[in-house]
Amino acid sequence: MSYDPRELEAEWRERWAESGRYEADPDRRGADDVTFVTVPYPYPSGGMHIGHARTYTVPDVYARYRRQQGDNVLFPIGWHVTGTPIVGAVERLKSGEEEQIHSLENAFGVPESDLKELETPMGYARYFIEEADCSYKTGMRRLGLSIDWRREFTTNDERYSKFIAWQYETLKERGLLEKGLHPVNYCTNEEQPVTTHDLLEGEDAEFQEYTLIKFEDEDEGVVYPMATLRPETVRGVTNAYVDPDATYARVTVDVAEQRSNGSDGSDSSDGEEGKEGAGASSGGEEWIVSAEATEKLDLQARNVDVEETFEGAELVGERVANPVTDEEIIVVPADFVDTDNATGVVMSVPAHSPDDWIALEEAKARADDLTEYGLDPDEIRAIEPRAILTIEGYGEFPAKDAVEDHGVESSSDPALEEATQELYNREFHRGELIEEYGEFAGESIEDVRDELESHFQRQGVFDAMYDFDEDVVCRCGGDVEVAEQETWFLRYNDEEWSEKALRAIENLDAIPETTREQYTHTVDWLEEWPCIRNYGLGTRLPWDDEFVIEPLSDSTIYMAYYTIAHRLEDVPPEELDRDFFETLFYGEDAVADPDERALDLREEWDYWYPVDYRCSANDLISNHLTFFLYHHAELFDEDRWPKGITSMGMGLLEGEKMSSSKGHVVLPDEAIETYGADTVRFFLLNSSEPWQDFDWRADEVGSTRDQLERFWNRAVDVIEDSEGERDLETIDRWLLARLQRTVRTVTDAMERFETRTASQRAFYRFEEHLKWYRRRVNLDQRGTDGSPEHRTRGVSARRPGVRWTLRTVLETRLRLLAPFVPFMANELHERLTGEPAEDVPWPEPVPEFENPTVIERERLVKGVLEDVRDIIAVTDTDPETIRLYVAADWKRSVLDTVRDVGPDQGRVIGDVMQDEALREKGDAVNALVGDLVAFVRERDDSTLASLSEIDERAVYEDASAFLAREFDADVDVYDEDGDPVDPGGKASQAQPFRPAIHLE
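Residues numbered from 1 in each chain as written. Predicted model: local features only at pLDDT ≥ 70, side-chain atom pairs only at ≥ 80, totals over all residues. Heavy atoms only, no water.

Considerations on the overall build of the protein
Turning to step 1, where the next piece is worked out: Secondary structure summary: the protein contains 34 helices and 34 strands in total.
Turning to step 2, where the next piece is worked out: Here the C-alpha coordinates of the protein stretch approximately 110 × 80 × 55 Å along the principal axes.
Turning to step 3, where the next piece is worked out: Taking all 1000 residues of the protein together, 57% fall into the buried category.
Turning to step 4, where the next piece is worked out: Considering only intrachain contacts with a sequence separation of at least 6, the fraction spanning at least 24 residues in the protein is 77%.
Turning to step 5, where the next piece is worked out: Surface exposure of the protein reaches about 41700 Å², of which carbon and sulfur atoms provide 40%.
Turning to step 6, where the next piece is worked out: If you average the places of the 103 positive and of the 226 negative side-chain charges in the protein, the two averages end up 11 Å apart. (Helix = DSSP H or I, 4+ residues; strand = E, 2+ residues; numbered from the N terminus. Buried < 20%, exposed > 50% of the residue type's maximum accessible area, 1.4 Å probe, protein only. Contact = heavy atoms within 4.5 Å. Areas by Shrake-Rupley, 256 points an atom, 1.4 Å probe, with all protein chains shown as cover. Lys, Arg positive; Asp, Glu negative; His and termini not counted. Charge placed at Lys NZ, Arg CZ, Asp CG, Glu CD.)

Structure (structure tokens):
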């Protein structure tokens, strides 16, 4: 039977569906034999692509592996529809947005006739969950994912919302959910907060809190608030910049009603709470800011009245006073000013900012051109940098040194960014403030920045605002700004809660281990998290149904819901009250009148929990995955906290980032149709470890398909041949020994989710062993030049021990490969043994065949083969006779001394020279010792012990027929002093385990 993945895989999918093979229910197996593995439920705002396929196949491989290890395994899936991305996609579709329609048709192959079905949010979601050719369920089933489909749900389901409502009522009662003003990502189109998952552009952007230094035009009584992330540089400001062609505004800002951070949980909507702590003065101030900044400030809990607008050119030449030094600085025009960043008025600190140093030099160079703005060129050229700190390794003006060291010549030089970042980092950690900073003089910025900023805030000369450092766009197409909103937020900075989260991280099996630090870092910086939105799909806030709980906040403990989702259909939604879930998760003593149905469901929850491993994207550590740990740590006992998290990398397509909007994706359905599901799975799992990025390349995927087909054909040959007998020779035992090592290596890798290591060893690496074995037992006839001349695909003409060995090896490898290529492995294993591979236990090493000595014996044969081939290549000869000379016994004695003493050449020579016979050999011994010391250093104790058991001459004599066949020459084996002819005088060159070779 030829390899036809379409037919083969269709049959197995049907078998699995009919049998309910992966439906998991509690049984008598104990906690040590239960595995619960999860992956983030998909967000069906579009179809499934190949990047998603890798995400969901990794946990499937682990689930299949644990089943073969005898575990009862739960691997469920649900559908995340909470929030606005789906709503936004529907609105863009209904409005006829060309880009949205193009994405649906081009990236996901949605026919025009189906677009009407997508014009309601849940219609849209259902289409991509299960109706489209590129739907998630279609892709998952075709990939052969071993999911328990009974437990699926959407986050818009009424019963799921009851579960989420219980969670948030509990957190509110415990004081971990509070209301107050809080900075949030705010879509100016939808007029509501959004999260990372709602973004089309700027997904990685984080808003920053800028310090506003209030420079003042004392004649006009107006403030020029200049934004900086380095407030300590205030004494080094030499001038300001504005964009002369941009629009600016004179506004009255009611600073008395600026934001309260809400950290005390108070409702600050009356504008009276928390003002003094922010350093605000009472009443309003007149500010000069960019037109864009007026909108930003208005969003940040300030009353902003625009008095007038004008071109930035009108500000050029104005003089404003530094609020800390009282010195006047001049406003200079510059086209590099980004008026959409912070206030649009930029202060310049050329002594400590390479950017500003270059900008000032360029301004001086064009000073004569600035007369059109009424500026005196000499005044511009007279501006001098002002140092505010000292730092070892730099001169008076560190920015000047940094620019010169990096060879920066202009503001467009790419090296400028590197120079700036390098200097900022060094000044932050090592710079010491000068005497003018009074009580802060001599201190490092790292130690005093916050205190210094608070000091000037209390004086009323510093203020603050939030902004992004890049453009951020909502999926609906609207601009996203930082807004301060009165909102409900989770108090992730609560000390007790944070301590629990850190304890959960400490107990976590973080894969890879390097990610553990990312979790603790997230806890360290995490503050309050706004958890509601104004509208969208999802669960309404239980005590205020005008709001919806946002996506990252309703996806923290839903894994617990999987355990009972399929059994809640018998409970009316209105009866899923708080007491019901308290009983379910905390037991009969948690409420006065426990519901028997909840107690019954508790048994299933208790059976499956905790989550053993969660597989999720690395970029979710900074939010979802850490939230997942926080909420489990608070709501459940420690023995129910997550045991492990495996981090997942991203996917590339032909070396570039995948993009649904640009149509730069591969759909699993298309890939499976072209290559087969096993090929798709195997490539995704074998091309990199899960936490590494993978690159889908069509030519490499095609090569993987060819390799699997060759494996299939070889396997069928073995299956169709007779079984043979267990009459084993050394070479058979070598292959079986290699098999045992492979079993150990693959098992260890699977325990750590190392899918690439496991699949490489079970497939590619072992194929190399098998290729060698086939040569050794003459299954493939070879030409005199070593090239293969395939003689027969069958093995029936070979001895019985070979056939037995090949069947034994195939059976074990199929079980090792079953998690990766389940369709092929199950089919071949069933043909070979009568049972699918997944129904047979995971292989364990067979002690009888674990023989390191036989492995080292064969390594010697390979070494001789390669040495002879190298000599032939160098000498360009075609030998008729090959003479091998095995080292004399005294040389083995020297090697034994090196092993015993250790690779210390002086000590070895001292010991060896105690033997009179060896002492007489003089220089020959000295030279040999050096070589043998290097030999021992390169090998571990186990390998050396195995070598000590080997009769080297017997090894080469046993392999002489093979070597003769390989080179079409006679092969003679001698002891070093056993050949009276020794035509080339080579014998004396023999060393232990490296025979001397002569060709003639």
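Resuming the write-up.
Focus: the sheet that holds strand 23 (residues 540–541)
Turning to step 1, where the next piece is worked out: Reading across from one edge, 22-24-23 is the order of the 3 strands in this open sheet, with antiparallel pairing throughout. Each having just a single partner strand, strand 22 (532–533) and strand 23 make up the two edges of the open sheet.
Turning to step 2, where the next piece is worked out: Sheet analysis places strand 23 next to strand 24 (residues 544–549), joined by 2 bridges and oriented antiparallel. Bridge pairing links Leu541 to Asp544 in strand 24. (Pairing = 2+ DSSP bridges.)

Comments concerning unusual backbone geometry
Turning to step 1, where the next piece is worked out: In this structure, the amide linkage connecting Ile511 to the following residue, Pro512, adopts the cis form with an omega of -5°.
Turning to step 2, where the next piece is worked out: Relative to the elements of secondary structure, Pro512 occurs in the loop between strand 20 (509–511) and helix 15 (516–525).
Turning to step 3, where the next piece is worked out: A cis amide bond links Tyr609 with the next residue in sequence, Pro610, at an omega value of 10°.
Turning to step 4, where the next piece is worked out: For Pro610, the location among the structural elements is in the loop between helix 18 (596–608) and strand 25 (613–617).
Turning to step 5, where the next piece is worked out: Even without a glycine there, the phi angle at Asp876 is positive, about 55°.
Turning to step 6, where the next piece is worked out: Within the secondary structure, Asp876 sits in the loop between helix 27 (852–875) and strand 32 (881–886).

As for the side chain of Asp612
Turning to step 1, where the next piece is worked out: Inspection of the secondary structure assignment puts Asp612 in the loop between helix 18 and strand 25.
Turning to step 2, where the next piece is worked out: Classification of Asp612 as buried rests on a relative accessible area of 10%.
Turning to step 3, where the next piece is worked out: Of note is the side chain of Asp612, whose polar atom sits 2.8 Å from the backbone nitrogen of Phe36.
Turning to step 4, where the next piece is worked out: Leave out the neighbours within four places in its chain, and Asp612 touches Val34, Thr35, Phe36, Lys643 and Gly644. (Polar contact = N/O pair within 3.5 Å; in protein donor to acceptor, adjacent residues only side chain to side chain.)

Regarding the packing of aromatic side chains
Turning to step 1, where the next piece is worked out: Here the structure, examined in full by the defined rule, presents 60 aromatic pairs.
Turning to step 2, where the next piece is worked out: Here Arg15 stacks its cationic end above the ring of Trp12, 3.9 Å away from the centre of that ring. (Phe/Tyr/Trp six-rings, centres within 6.5 Å; stacked < 30°, edge-to-face > 60°. Lys NZ or Arg CZ within 6 Å of the ring centre and 35° of its normal.)

A short note on the pairing of strand 24
Side-chain direction in a regular strand flips from residue to residue, so the side chains alternate between the two faces of the sheet.
Turning to step 1, where the next piece is worked out: Bridging between strand 22 and strand 24 involves 2 bridges; their strand directions are antiparallel. Bridge pairing in strand 24 places Arg533 opposite Val548.
Turning to step 2, where the next piece is worked out: The antiparallel pairing of strand 23 with strand 24 creates a hairpin that spans 2 residues between the two strands.

Points about the layout of surface pockets
Turning to step 1, where the next piece is worked out: Its boundaries defined by the atoms lining it, the second largest pocket holds a volume of some 1300 Å³.
Turning to step 2, where the next piece is worked out: Around the second largest pocket, the lining is made up of 35 residues, and of these Val346, Ser353, Asp355, Asp356 and Tyr424 lie nearest the centre.
Turning to step 3, where the next piece is worked out: Broken down by element, the lining of the second largest pocket gets its largest block of residues, 7 residues, from helix 12 (residues 415–430).
Turning to step 4, where the next piece is worked out: Here the lining of the second largest pocket is composed, by residue class, of 15 nonpolar, 11 polar and 9 charged. (1 Å grid on protein atoms, 1.4 Å probe; cavity = no way out; pocket = protein on both sides within 12 Å on 5 of 7 lines; lining within 4 Å. Points joined across faces, edges and corners; volume = space filled by probe spheres on them. Nonpolar A, V, L, I, M, F, W, Y, C, P; charged D, E, K, R; others polar.)

Looking at the pattern of salt bridges
Turning to step 1, where the next piece is worked out: A full pass over the atoms with the stated rule returns 77 salt bridges.
Turning to step 2, where the next piece is worked out: When the shortest N-O distance is used, the salt bridge between Arg150 and Asp148 registers 2.8 Å.
Turning to step 3, where the next piece is worked out: Overall, the relative accessible area of 29% leaves Arg150 in the partly exposed class.
Turning to step 4, where the next piece is worked out: On the basis of relative accessible area, Asp148 is assigned to the buried category, the value being 0%.
Turning to step 5, where the next piece is worked out: Residue Arg953 is joined to Glu957 by a salt bridge in which the shortest nitrogen-to-oxygen separation is 2.8 Å. Of this pair, Arg953 and Glu957 both sit in helix 33 (residues 952–958), 4 residues apart, roughly one helical turn.
Turning to step 6, where the next piece is worked out: Residue classification places Glu957 among the partly exposed positions, given a relative accessible area of 36%.
Turning to step 7, where the next piece is worked out: Residues joined in a network through salt bridges with shared partners are Glu23, Asp25, Asp148, Arg150, Arg151, Arg567, Asp600 and Glu604. (Salt bridge = Lys/Arg side-chain N within 4 Å of Asp/Glu carboxyl O.)

Some points on the nonpolar core
In summary, soluble globular proteins display a tendency toward joint burial of nonpolar side chains.
Turning to step 1, where the next piece is worked out: Counting residues in each nonpolar core, the largest one holds 158 residues, and the members touching the most others are Ile50, Phe128, Met140 and Trp696.
Turning to step 2, where the next piece is worked out: Sorting elements by how many residues they give to this core places helix 23 (residues 730–751) first, with 10 residues.
Turning to step 3, where the next piece is worked out: Once residues lying within four places of it in the same chain are set aside, the contact partners of Ile50 are Met658, Val666, Pro668, Ala671, Val680, Leu684, Phe694 and Trp696. (Core = buried A, V, L, I, M, F, W, Y, C linked by side-chain atoms within 4.5 Å.)

Some words on the environment of Thr487
Turning to step 1, where the next piece is worked out: Within the fold, Thr487 resides in strand 19 (residues 480–491).
Turning to step 2, where the next piece is worked out: Taking the C-alpha atoms as reference points, Thr487 and Val864, 377 residues apart in sequence, are found 76 Å from one another.
Turning to step 3, where the next piece is worked out: Apart from the residues within four sequence positions on either side, Thr487 is in contact with Glu178, Lys179, Gly180, His182, Pro530 and Ile532.

A few points about the pairing of strand 9 (residues 247–254)
Turning to step 1, where the next piece is worked out: Both strand 9 and strand 11 (residues 303–311) contribute to a ladder of 8 bridges, which runs antiparallel. Each bridged residue has a counterpart across the sheet, and for Val251 the counterpart in strand 11 is Val306.
Turning to step 2, where the next piece is worked out: With 6 bridges connecting them, strand 9 and strand 10 (residues 285–290) associate as antiparallel partners. Each bridged residue has a counterpart across the sheet, and for Val253 the counterpart in strand 10 is Glu285.

Remarks on the packing of helix 22 (residues 698–720) against helix 26 (residues 822–833)
Relative placement of two packed helices is described by the angle separating their axes and the distance separating the axes.
Turning to step 1, where the next piece is worked out: Close contact between helix 22 and helix 26 brings their axes to 10 Å; oriented N to C, the two are set at 10°. Overall, the two elements helix 22 and helix 26 adopt an arrangement that is roughly parallel. Judged by residue contacts, Leu708, Phe711, Trp712, Ala715, Val716 and Ile719 of helix 22 engage Met824, Glu827, Leu828, Arg831 and Leu832 from helix 26.
Turning to step 2, where the next piece is worked out: Residues of the contact of helix 22 with helix 26, tallied by class, amount to 9 nonpolar, no polar and 2 charged. (Axes fitted to C-alpha atoms, helices over the stretch in contact; angles between N-to-C directions. Parallel < 35°, antiparallel > 145°, perpendicular 65-115°, else oblique.)

Overview of the environment of Thr583
Turning to step 1, where the next piece is worked out: Its location among the elements puts Thr583 in helix 17 (residues 578–586).
Turning to step 2, where the next piece is worked out: Separated by 387 residues in sequence, Thr583 and Thr196 place their C-alpha atoms 35 Å apart.
Turning to step 3, where the next piece is worked out: A distance of 2.8 Å separates the side chain of Thr583 from the backbone oxygen of Asp579, its partner in a polar contact.

Details of helix 14 (residues 495–507)
Turning to step 1, where the next piece is worked out: Helix length check: helix 14 (13 residues) gives 19 Å between terminal C-alpha atoms against 18 Å at 1.5 Å per residue, within 8%.
Turning to step 2, where the next piece is worked out: Turning to helix 14, its buried residues number three or more, namely Trp497, Ser498, Ala501, Ala504 and Ile505. Around the axis of helix 14, the buried residues are gathered within 115° of arc, so they sit on the same side. Turned more than 90 degrees off the buried face of helix 14, the exposed positions are Glu495, Glu496 and Glu506.
Turning to step 3, where the next piece is worked out: On its buried side, helix 14 packs onto helix 7 (158–173), strand 19, helix 15 and helix 19 (621–635).
Turning to step 4, where the next piece is worked out: For helix 14, the N-terminal cap is Asp494; the gap from its side-chain oxygen to the backbone nitrogen of Glu496 is 3.2 Å. (Expected span 1.5 Å × (residues − 1). Arc of directions from axis to C-beta.)

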